[in-house]
Amino acid sequence: MSEHHLATLAVRAGQTRTHEGEHSEPIFTTSSYVFASAADAAARFDESVKGNIYSRFTNPTVRCFEERLAAMEGAASCVATGSGMAAILATCMTLMKAGDHIVCSDSVFGSTIALINRYLVKFGVEVTYVRPDDNDAWRRAIKSNTKLFFVETPSNPLSVIADIRGIADIAHERGVLFVVDNCFCTPALQKPFELGADLVIHSATKYLDGQGRCVGGAVLGSEQLVGKDIFGFLRTTGPSMSPFNAWVFLKGLETLELRMRAHSAAALQLARWLEGQPGVSKVYYSGLESHPQHALAKRQQSGFGGIIAFDVEHGRKGAWAFVDATQLLSITANLGDAKSTITHPSTTTHSRISPAERERAGIGEGLLRISVGLEDVRDIQTDLERGLAAVRAVAA
Ligand SMILES: *Cc1c(COP(=O)(O)O)cnc(C)c1O
C-alpha cells in the first residue's frame, strides 16, 4: 500500500479480511488462539511458523492498527502499547542499560520526566536535560555512554520547535539513537522518519483517537529495533493494547488528516485573533509570524496543530478568572479531542515541578493552554471572549 497517499493509507492500510467478508475491521476479543495440531503448536512456539499464540503477544485487531500507523508514519515496524507512557517505558527499558546516558529535551511531557528521574535513574541510567531548540546543547551533552536522544516537538505547552534534521545529524555522528514523540503533530502534519528520526513514539490517547475515548500508545521504527527488540520486551512484560482500544484507534486514524487540518485551521485563526486582544500579553503558536521558529515549523511541519498557549494579565488571578468564565470549553488536562479544552499548566500539568523550574521553562502563573477542538470556531472565539472579559474585570 506504500504507493498510496496518507489519507488513503489511513482508511485502508493493514486490513486483512476474514472468510466472512466483513467490510469494517472486526474486533477479535480472544485471549488465545488454537493450533491445527501438536506439531503446529510447537512450530509457532519455536517461531519456525509465524502466527498468533496469545493476545499479550499479538492480536489481529491490534496488528491492523500497528500496520496502518506504520504505513502512515513510513516505518518498517510498529508495536502498540497500553498507553503512551508504556510506549516510552518499553523503548527506554529495551534500549538502555545501567551506566547508559540519555539526553532529553527539558520540555517533554511531565510523566516522561518522572519516568526518567524516579525510575530509570534508580536502575543506573544517567540523564542530561537540554533545551529542545538549542542544537549546540544537544551536541555538548553527548558523552561516551550516551545511548538515546529524546525530544517532543512542538513542545507542550509553549510550542518550542526542535530541529529534527539537525538533532538527528548530531545524534548519528556519534552513533546515538534519536527518539521523537510525535504526539502533537501526528503523521498528518510531521514525518520524523523523513527528517532522520530512528524511533517515533505516540500517545494514541490524543489525536490518533481524536475523540477522548481510550488510552493507548505506539512505538515505530526498524524491524530490528521495534519488530524484534521492543516487541520482545512487550510480549514478556505485558503492557499491550486491548483489541477494543485498537479498533477505536483504527476508526480514529481514518479521519486523522481531516481532523488535523480542521484543528490547525481553527487554531491559526484563533491564535491570530488572540494576539491582538487587550488582556493577552503573549501568544505561543508556531503558525504565527511572531513565533521565533516560525520558519523552521513551516519547513518540517505541513500544519501547526491545535494547541495554543497564551499569557493573560494579572497572573494566576487573571488566568483562573478566564478559565472559570468559559462555558463551552472543557476544563480538563487532556488534549487532541473533538471537544475544545482549557488548562492552567502551572497549577495542573506542571504543578509538580518546582517554581524555579517552571520559571526557567517559561510557564508563568498567567499562562493558559487550549486544545482547539472541532466545534464551530466562532463559538470557541465567543467563549474565549468571555474569558478575556473576566481578565479585564480583574483589574477593575
Ligand atoms: C499524553 C502524552 C504522553 C503520554 O501518553 P498517555 O497515553 O497519557 O500515557 C506522552 N507524550 C505526550 C507528548 C503526551 O501528550
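Owing to the predicted nature of the structure, the values given are computational and were not obtained by experimental measurement. Residue positions are given per chain, counted from 1 along the sequence in the order it is written. This being a predicted model, a pLDDT of at least 70 is required before a residue's local features are given, and a value of 80 or more before pairs of side-chain atoms are given or counted; all residues contribute to the totals for chains, interfaces and linings. Each side-chain value is worked out from all heavy atoms of the structure, with water and hydrogens disregarded.

Next up on the list: the sheet that holds strand 10 (residues 330-331). Spatially, the five strands line up as an open sheet ordered 8-9-12-11-10, and their pairing is mixed. Each edge of the open sheet is held by one strand with a lone partner, namely strand 8 (280-284) and strand 10. Strand pairing requires that DSSP identify at least two bridges connecting the strands. Secondary structure counts use DSSP, requiring at least four H or I residues in a row for a helix and at least two E residues in a row for a strand, with both numbered from the N terminus. Judged from the five bridges that link them, strand 9 (residues 307-312) and strand 12 (residues 367-371) form a sheet pairing that is antiparallel. Its bridge partner lying in strand 12, phenylalanine 310 is registered against leucine 368. Working rule for contacts: check all heavy atoms of both residues, and any pair within 4.5 Å makes them a contact. The angle between two axes is taken between their N-to-C directions and runs from 0 to 180 degrees, where each axis is a line fitted to C-alpha atoms and a helix contributes only its stretch in contact. Here helix 11 (residues 256-275) sits on the sheet in contact with strand 8 and strand 9, set at roughly 10° to strand 9. Helix 13 (residues 315-325) contacts strand 9, strand 10, strand 11 (341-343) and strand 12 of the sheet and is inclined by roughly 130° relative to strand 9.

Further remarks concern the site of the ligand. Taken together, the residues surrounding the ligand are Ser83, Gly84, Met85, Phe109, Glu152, Asp181, Cys183, Phe184, Ser203, Thr205, Lys206 and Gly216. In protein, a polar contact means a hydrogen-donor-capable atom and an acceptor-capable atom, both N or O and within 3.5 Å, with residues adjacent in sequence counting only if both atoms are side-chain atoms; elsewhere, any N or O pair within 3.5 Å suffices. With respect to the ligand, the backbone of methionine 85 contributes an N or O atom lying 2.8 Å from an oxygen atom. For the ligand, an oxygen atom lies 2.6 Å from a polar atom in the side chain of lysine 206. Residue exposure ignores everything except the shown protein chains as possible cover, and the areas themselves are Shrake-Rupley values with a 1.4 Å probe. Protein contacts shield 91% of the accessible area of the ligand, which totals 380 Å² for the unbound molecule. For the shell around the ligand, the class distribution of residues is four nonpolar, five polar and three charged. Throughout this document, a residue counts as near a molecule or strand when at least one of its heavy atoms sits within 4 Å of that molecule or strand. Gly falls in the polar group here, along with every residue not listed as nonpolar (Ala, Val, Leu, Ile, Met, Phe, Trp, Tyr, Cys, Pro) or charged (Asp, Glu, Lys, Arg).

For any pair of aromatic rings, the description consists of the separation of the ring centres together with the inter-plane angle of the planes. Only Phe, Tyr and Trp rings take part, Trp by its six-membered ring, and two of them pair if their centres are within 6.5 Å. Stacked means planes under 30 degrees apart, edge-to-face means over 60, and tilted covers everything else. Tallied over the entire structure, the rule returns eight aromatic pairs. An aromatic cluster of at least three residues, connected via ring pairs, comprises Trp138, Phe149 and Phe178. One residue, arginine 235, lies across the ring of phenylalanine 57, its end atom 4.0 Å from the ring centre. Whether a charge sits over a ring depends on NZ of Lys or CZ of Arg being within 6 Å of the ring centre and within 35 degrees of the ring normal.

With respect to topology, seven strands assemble into an open sheet ordered 1-7-6-5-4-2-3, the strand pairing being mixed. Strands with a single pairing partner mark the edges of an open sheet, and in this sheet they are strand 1 (77-81) and strand 3 (126-130). If you compare each strand with its neighbour and ignore which way they point, the axes differ by 20° on average. As paired elements, strand 2 (residues 101-105) and strand 4 (residues 146-152) share four bridges and run parallel to each other. The residue of strand 4 that forms the bridge with histidine 101 is threonine 146.

Moving on to the packing of helix 3 (residues 60-73) against helix 10 (residues 243-254). Following both chains from N to C, one finds helix 3 and helix 10 inclined at 35°, their axes separated by 8 Å at the closest point. Crossing of helix 3 over helix 10 shows left-handed handedness. On helix 10, the residues touching Thr61, Val62, Cys64, Phe65, Arg68, Leu69 and Met72 of helix 3 are Pro243, Ala246, Trp247, Phe249, Leu250, Leu253 and Glu254. Crossing chirality is assigned from the near helix's rotation relative to the far helix, an anticlockwise turn below a right angle marking it left-handed and a clockwise turn marking it right-handed.

Attention now moves to the pattern of salt bridges. Salt bridges are defined by distance alone: a side-chain nitrogen of Lys or Arg within 4 Å of a carboxyl oxygen of Asp or Glu. All chains considered together, the criterion is met by 20 salt bridges. Salt-bridge contacts for arginine 316 lead to glutamate 365; the nearest nitrogen and oxygen are separated by 2.8 Å. Residue arginine 316 is located in helix 13, and its partner glutamate 365 is located in the loop between helix 14 (355-361) and strand 12; the two are separated by 49 residues in the primary sequence. If you follow the salt bridges from partner to partner, you end up with Glu25, Arg68, Lys251 and Glu254 in one network.

What follows is about the pairing of strand 9. The buried label goes to any residue with under 20% of its type's maximum accessible area, the exposed label to any with over 50%, and the partly exposed label to all in between, with areas taken from a 1.4 Å probe on protein chains only. Burial within strand 9 is extensive, with six of its six residues counted as buried. On strand 9, burial covers both faces: Ile307, Ala309 and Asp311 on one face and Ile308, Phe310 and Val312 on the other are all buried. Across four bridges, the pairing between strand 8 and strand 9 is antiparallel. By the bridge assignment, valine 280 is partnered in strand 9 with valine 312.

Moving on, we get to the domain arrangement of the protein. Delimitation of the domains relies on an automatic or database domain assignment. Assigned domains within the protein: domain 1 (6-254) and domain 2 (256-395). Taking only C-alpha atoms, the centre of domain 1 and the centre of domain 2 are 28 Å apart. Across the contact, 37 residues belong to domain 1 and 37 residues belong to domain 2. Summed over both partners, buried area is the accessible surface (1.4 Å probe) that two parts give up on being assembled. Here domain 1 and domain 2 share an interface that buries about 2900 Å² over both sides, 56% of which is from carbon and sulfur atoms.

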